[in-house]
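# Structure at a glance
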Amino acid sequence: MEVHNSSRASSSREWWQTWKWFVYTVACYVSHVILVIIHIVLLVLHKFRLEEKVIIPSIISNHVATVAVTVTLQTFGTGYGVLLVWLTQRLALRRDLLQRQTLTATHDKANAWGGLGAALNILLMQFNLTAAAGGVLLVMLYLGGITALHITSSSLMSLEPFKTLQPVDSIVQYEMLNLTDLPIDSDWATATALIRSMAGYPELKTSGLSGATLYETVSARSGYDSATVNAVTFGAQCYSLSNVDATLNPTQNGSYTVSATDGNQSPVTYSPIYGFYENVTYAVSAYGRTVTILATPPILDANLSRGSTFNITQNVPAKDGSNATETVTIQIMTCVLSLTDRGASINASTNELLSLTSPSPPSPSSLWTPWQDDSTGNPDPRLDWFNDTWNLAARTTDFYGPTRCGQQGCLLSLVDEYLMALLGWQYNGTALNRSTTPAFPNTLAGLESSVAQVASGAAWAVLTASGYYNDSTNVVNVTQTQITSHLFINVAPVSIGLSISILLLALSPFLIHGPGATEQHAVESLGILQVIWLSSRHDAIQNEVAKAGSSSLELRVAGLRCTTSLGNESAEGDEVRATKGRNSSERES
């Protein structure tokens, strides 16, 4: 049994000794072809961006992933390069040992495989004494290609950061938007302070409010991208009145009673009405979602029409102390509030409004038209608080010139001042201080937009002052931005690597092709021990080299005179050419 196993093992060894060089040759060519294919595949993957489908999990930090990719590529490049050099060098050395050539050529080509430095040194020696310049150059090109491949392999792929959007839930702050229960009665005093701040500081941050639109906000957090929330956009349509008449009340400190036909109602009386000077809007009546406003100077429409106006004659103190009379034209109008439900997209990190969806609110008017349809009697629970915005607003400013009437009828409210600020009007209270610049030009469309913003600002101020948004329990879906990475194939290093791989494949036949697959040689390397052993079997060559001096040049010259197949144990075929000046009897072959 032991004899049978020993015979089988011996047979396997004999087969391997016979065919191993064929296996090495096939492996060498296949390895070079695979290297070319790898680079071609990488370019194809990049062409279709398939590598970007390899996404690094969020639980792995980008730094760790980057190091892992670099180390993996470096390890692969180094290992594959070692394999190629090992196969090619063994086969090239076998070729040099079995090829019949000068001893110096065998020496130079074998030692060139010691590295790029050794190959360069031996290549430079060829200028003094040419023995195997082509062979050494091939080895140097091959080792240089392996070095370049080692450099490019670490940069074939990298990680490229990109943003991904993940849906998360976030609590709504300004929950949408129960305007029916707007607590304007209890919180209006505090809210008017916010309104005055909004009038005085237009840059004041008003999260949840943009122009005439009130929208929901979320619990903002860094990394949030966008969210879709509910919104409402306020609108206003302002109309002229009919049959306007102003009558002086002599016993009421110069006040007037003004009557007008408001829609289809019976004439409405407004009293007392006091004269005022330029750049003023003043609400004289508010009911439900309507408000009646006085303005001077009159606001013009697209046709430069003033709409409905009346005149008031009042005493004007002159600079010399005397009194004069002046007629002031005052405009009167009624504005009706409307509401449009919409959707909104917001930046969930800052709660900034990004866009609004349809439907859009009614377009502002361009021309003054009499109000024909009386709809103030139709209740709208989500808008009927609008009259309290004006009726409950604190009154602060006496606009009645130097007389300072002190009565409620000649005091501007904070909401009046807010509307004036939106119109761009600065209040000018006395005839002694007339503005030297004209009033900010306004149009009917601008007036309607400003009234709508008064409504949205009032609602926002009440919601903020009451802490209403803190009571919200609803959630909304938010897209959260996460920075992650995917693989990215770098075209330049891959292209360079492909060129180098093709070069290595092209060089390999010139380096390894030659002896038959089953042809054997005595040693498999050319170390000092192998050289001593081989030279002992080539006496003529050994004697010729021994005659040379110790300098490198002399030894190389001696080697050039010796032609042999050094890998064979037999000295048959060895040839030693005579040195110049020797007798022919001294030659050995």
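Residues numbered from 1 in each chain as written. Predicted model: local features only at pLDDT ≥ 70, side-chain atom pairs only at ≥ 80, totals over all residues. Heavy atoms only, no water.

This next bit is on the sheet that holds strand E6 (residues 242–249). Strand order across the open sheet formed by three strands is E6-E7-E8, with antiparallel pairing between neighbours. At either end of the open sheet lies a strand with only one pairing partner, and these are E6 and strand E8 (267–273). Between one strand axis and the next, the sheet turns by 15 degrees as a mean value, whatever way the strands run. Sheet analysis places E6 next to strand E7 (residues 255–261), joined by six bridges and oriented antiparallel. When the bridges of E7 are listed, Ser242 appears paired with Thr261. (Pairing = 2+ DSSP bridges. Helix = DSSP H or I, 4+ residues; strand = E, 2+ residues; numbered from the N terminus. Axes fitted to C-alpha atoms, helices over the stretch in contact; angles between N-to-C directions.)

This paragraph deals with the packing of aromatic side chains. The tally for this structure, following the rule as stated, stands at nine aromatic pairs. Between Tyr239 and Trp371 the ring centres are 5.9 Å apart and the planes differ by 15 degrees, which places this aromatic pair in the stacked class. Placement of Tyr239 in strand E5 (residues 224–240) and of Trp371 in the loop between strand E13 (352–356) and helix H7 (386–391) is noted, with a sequence separation of 132 residues between them. Residue Tyr239 is classed as partly exposed on the basis of its relative accessible area of 22%. Its relative accessible area of 6% is what places Trp371 among the buried residues. Grouping aromatic residues by their ring pairs yields a cluster made of Phe234, Trp385, Phe386 and Trp390. (Phe/Tyr/Trp six-rings, centres within 6.5 Å; stacked < 30°, edge-to-face > 60°. Buried < 20%, exposed > 50% of the residue type's maximum accessible area, 1.4 Å probe, protein only.)

The subject of this paragraph is the packing of helix H2 (residues 62–98) against helix H5 (residues 133–153). At their nearest, the axes of H2 and H5 sit 8 Å apart, and the two run at 165 degrees to each other. The pairing of H2 with H5 is recorded here as roughly antiparallel in orientation. Along this stretch, H2 crosses H5, giving a crossing that reads as right-handed. Counted together, Leu73, Gln74, Gly77, Thr78, Gly81, Leu84, Val85 and Thr88 of H2 and Tyr142, Ile146, His150 and Ser153 of H5 form the full contact between these two elements. (Parallel < 35°, antiparallel > 145°, perpendicular 65-115°, else oblique. Left-handed = near helix turned anticlockwise from the far one by under 90°. Contact = heavy atoms within 4.5 Å.)

This next bit is on the confidence of the model for the chain. Mean pLDDT over the chain stands at 81; residues scoring 70 or higher make up 83%. At the level of individual helices and strands, the chain shows its lowest average pLDDT in strand E14 (residues 395–398), which scores 61, and its highest in helix H10 (residues 491–512), which scores 96. Contacts of residues 400–404 to residues separated by more than four positions or lying in other chains number 14 contacts, the stretch itself having pLDDT below 50. Every residue in residues 581–589 is under pLDDT 50, and counting partners more than four places away or in other chains gives eleven contacts. (pLDDT = per-residue confidence, 0-100.)

Another aspect to go through is the side chain of Thr340. With respect to the helices, strands and loops of the structure, Thr340 is situated in strand E12 (residues 323–347). Residues contacting Thr340, with those up to four places away along its chain left out, are Ala231, Val232, Thr233, Pro359, Ser360, Pro361 and Pro362.

Here helix H8 (residues 414–423) lies mainly inside the structure; eight of its ten residues are buried. Along H8, the positions that sit buried rather than exposed are Leu414, Val415, Asp416, Glu417, Tyr418, Leu419, Met420 and Leu423.

A few words on the state of the cysteines. In the structure shown here, the tally under the stated rule is one disulfide. Two residues share a disulfide in this structure: Cys238 and Cys335, whose sulfurs sit 2.0 Å from each other. Between Cys238 and Cys335 the sulfur-sulfur dihedral comes to about 105 degrees; the bridge is accordingly right-handed. Of this pair, Cys238 sits in strand E5 while Cys335 is found in strand E12, placing the two residues 97 residues apart along the sequence. Cys335 sits in the buried class, given a relative accessible area of 1%. (Disulfide = S-S within 2.5 Å.)

A regular strand places its side chains so that they alternate between the two faces of the sheet. Relative to strand E10 (residues 290–296), strand E9 (residues 280–287) runs antiparallel, the two sharing seven bridges. By the bridge assignment, Tyr282 is partnered in E10 with Leu294. Where E9 folds back onto E10 in an antiparallel hairpin, the turn is made up of two residues, including Gly288, whose phi is positive at roughly 60 degrees.

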